[in-house]
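Next come the chains, spelled out residue by residue.
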Amino acid sequence: MADSPASGSAPATSEPVFSSGKLSAEDVQRIRGDFPILHQMVHGDQPLVYLDSAATSQKPRVVIDKLVEVYEQYNSNVHRGIHALGDRMTVEMEGAREKVARFINAASAEQIVFTSGTTMSVNLVAHGWAAQRLGPGDEILVNEMEHHANLVPWQMAAKASGATLKFLPLTPTWELDVSRLEEFLTRRTKLVAVTGMSNVTGTINPLELLTRAAHDVGARIFVDAAQSAAHGPVDVRSPDVDFLAFSGHKLLGPTGIGILYGKADALEEIEPLFGGGHMINEVTPEGSTWAALPARLEAGTAPFAQTAGLGVALDYLSNLGMETIARQEQTLLELATSRLETIPGVTIFGPPCAKKGAIVSMTVDGVHAHDLADLLDRQGVAIRAGHHCTMPLHERFGVAATARASFAFYNTPEEVEQLAAAIEKAVEIFKRPRRSRGV
Ligand code: PMP
């Protein structure tokens, strides 16, 4: 691999690594130097080509160093310590909350609830808001491109409340069919739950239009930003969404930390699902009263070390610039799409590149997605195969599984070519009679 080893790379958060708004090949190499994990061989002698960032992103050294710093220097429970370490950790965690608020342009840090991830954020709203407030005759509008995390909790909430789940249809290019919005979004709709970007097709949804339409009928809108927050700028005030969720681990941060953003009045409407320490105002044997937001929704010990890691991850992304990241990934997406389309038998599911993020999910004639992923893995290329937690979407595709390559700004055009060459090799292998197959 042409990469320079990670050790000795410059600290990434101190200064932006580029200035033009577009990354040069040298910029990308320098960035790759910040990610220790990328510089390794797998299966003995195959340089790793990591194309699974939609599942989880890799971590720059500054994030890893931050976690070490926490545990070596000021690990202590937050908000309760009346001592130096507890104070320091609390400052770190609340500082990270401010950074999250800035990253998504929230009006205040009180609107940022720390959760364990997108899944928990959705469940908080589904069980603490929808299940409590909706009833028979009310509707929740979803669609079939949603990750199970943004579908199953709404099914549960509908079942618990007696509300009905409605599905906005998809177009043949796997976009939301907004021409049918009027039919599906009515005064009965109380919530629209939608992903900012599909984790399978990469489809970027028209949040501006959906938010306006939802508000016009008096509904709230919940945005699953698990993918979209990693691939471009997020501004929760434009469009003016009610709830938005994402996971730290997909944005260069640690696992175990997620975000639920809500408009102040929307968050106020959520009943706490978990009781315990930190979320109370007063407790008597007879009952309890709740603390103010966000503590009310953060029962128990917070993932405080992870919040510090997430804060540094957001600094890193902000230094690069989310617009720049989006542009860089779009270049990789266009390259990958045009190259993969030259391979006979490859079908890519999704809209044209201009309407999607850097995810390519495909089938290859004659090669099962799992076999493809396996053969690619043996050549060092890490992709993912399966239904990617979107069974209804794959039902619509008419296939049980797709193979998904997902790109991040630390990927290179050379890696796109390695992906394509590995697929071509897999196709060749599967053309051979069964007995002589092997990489
Ligand atoms: N929504 C989307 C679109 C996702 O891609 C994912 C993660 N694959 C999730 C929700 C769930 O995220 P997590 O598992 O981090 O809670």
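Quick note: structure is the one above.
Everything numeric here is computed off the predicted structure, so don't read it as measured data. (Residues numbered from 1 in each chain as written. Predicted model: local features only at pLDDT ≥ 70, side-chain atom pairs only at ≥ 80, totals over all residues. Heavy atoms only, no water.)

Participant: Which residues make up the packing of aromatic side chains, and what are the values?
Facilitator: Counted by the stated rule, this structure contains 10 aromatic pairs. Plain terms: the ring middles of Phe-35 and Phe-409 are 6.1 Å apart, the flat faces sit at 70° to each other, and that makes the pair edge-to-face. On the criterion of sequence distance, the pair formed by Phe-35 in the loop between helix 1 (25-32) and strand 1 (41-42) and Phe-409 in the loop between strand 17 (402-406) and helix 14 (413-431) is long-range, its members being 374 residues apart. The class of Phe-35 is buried, set by a relative accessible area of 0%. A relative accessible area of 2% means that Phe-409 is categorised as buried. In textbook terms, an aromatic cluster arises when at least three aromatic residues are bridged by ring pairs, as seen for Phe-35, Tyr-316, Phe-409 and Tyr-410. (Phe/Tyr/Trp six-rings, centres within 6.5 Å; stacked < 30°, edge-to-face > 60°. Helix = DSSP H or I, 4+ residues; strand = E, 2+ residues; numbered from the N terminus. Buried < 20%, exposed > 50% of the residue type's maximum accessible area, 1.4 Å probe, protein only.)

Participant: Lay out the packing of helix 2 (residues 61-74) against helix 10 (residues 304-320) in plain terms, naming residues and giving numbers.
Facilitator: In a packed pair of helices, the relevant descriptors are the angle between the two axes and the axis-to-axis distance. Two numbers describe how helix 2 lies on helix 10: the axes approach to 9 Å, and their chain directions differ by 150°. Judged by the inter-axis angle, helix 2 sits roughly antiparallel to helix 10. Note on packing geometry: the crossing formed by helix 2 with helix 10 is right-handed. Contact with helix 2, carried on its side by Val-62, Val-63, Lys-66, Leu-67, Val-70 and Tyr-71, involves Ala-305, Gln-306, Ala-308, Gly-309, Val-312, Ala-313 and Tyr-316 of helix 10 and no other residues of that element. (Axes fitted to C-alpha atoms, helices over the stretch in contact; angles between N-to-C directions. Parallel < 35°, antiparallel > 145°, perpendicular 65-115°, else oblique. Left-handed = near helix turned anticlockwise from the far one by under 90°. Contact = heavy atoms within 4.5 Å.)

Participant: Just give me the short version of helix 1, but keep the residues and values in it.
Facilitator: Among the residues making up helix 1, those that are buried are Asp-27, Val-28, Ile-31 and Arg-32. Down the axis of helix 1, the buried set is contained in an arc of 135°. They therefore lie on one face. Those residues of helix 1 hidden inside the fold are in contact with helix 10, helix 11 (322-340) and helix 14. (Arc of directions from axis to C-beta.)

Participant: Account for the sheet that holds strand 4 (residues 112-115), naming residues and giving values.
Facilitator: Overall, mixed pairing links the seven strands, which are arranged 4-10-9-8-7-5-6 in an open sheet. Whereas interior strands pair on both sides, the edge strands pair on one side only; in this sheet they are strand 4 and strand 6 (164-168). On average, adjacent strands in this sheet sit at an angle of 20° to one another, irrespective of strand direction. On top of the sheet, helix 4 (residues 118-133) reaches strand 4, strand 5 (139-143), strand 7 (189-195), strand 8 (220-224), strand 9 (243-247) and strand 10 (258-262); it is set at about 150° to strand 9, its chief contact. Along the sheet face, helix 7 (residues 207-216) touches strand 7 and strand 8 and points at about 155° away from the line of strand 8. (Pairing = 2+ DSSP bridges.)

Participant: Now, about the sheet that holds strand 16 (residues 384-386): what can you tell me, with residues and values included?
Facilitator: The four strands are arranged 13-14-17-16 in an open sheet whose pairing can be described as antiparallel. Strands at the two margins of the open sheet, each flanked by one partner only, are strand 13 (346-349) and strand 16. When strand polarity is set aside, the average angle formed by the axes of neighbouring strands in this sheet is 30°. Pairing of strand 13 with strand 14 (residues 359-364) involves four bridges; the strand directions are antiparallel. Its bridge partner lying in strand 14, Thr-347 is registered against Thr-363. With respect to the sheet, helix 12 (residues 369-378) is in contact with strand 14, strand 16 and strand 17, its orientation differing from that of strand 16 by roughly 165°.

Participant: I'd like a description of the environment of Val-399, backed by residues and values.
Facilitator: By the secondary structure assignment, Val-399 is in the loop between helix 13 (391-397) and strand 17. Measuring from C-alpha to C-alpha, the distance between Val-399 and Ala-369 comes to 9.8 Å, with 30 residues separating the pair along the chain. Setting aside anything within four residues of it in sequence, one finds Val-399 in contact with Phe-349, Thr-363 and His-394.

Participant: Requested: an account of the pattern of salt bridges, with residues and values cited.
Facilitator: Under the criterion given, the structure shown has 27 salt bridges. Between Arg-97 and Glu-298 there is a salt bridge, with the nearest N and O atoms lying 2.8 Å from each other. Of this pair, Arg-97 sits in helix 3 (residues 84-103) while Glu-298 is found in the loop between strand 12 (287-290) and helix 10, placing the two residues 201 residues apart along the sequence. The same class applies to Arg-97 as to Glu-298, namely buried. Between Arg-188 and Glu-139 there is a salt bridge, and its shortest N-O distance comes to 2.9 Å. Taken together, the positions of Arg-188 in the loop between helix 6 (181-184) and strand 7 and Glu-139 in strand 5 put the pair 49 residues apart, joining distant regions of the chain. The class of Arg-188 is partly exposed, set by a relative accessible area of 45%. Counted as one network, the salt bridges with shared partners bring together Arg-133, Arg-220, Asp-240, Asp-242, Lys-263, Asp-265 and Glu-269. (Salt bridge = Lys/Arg side-chain N within 4 Å of Asp/Glu carboxyl O.)

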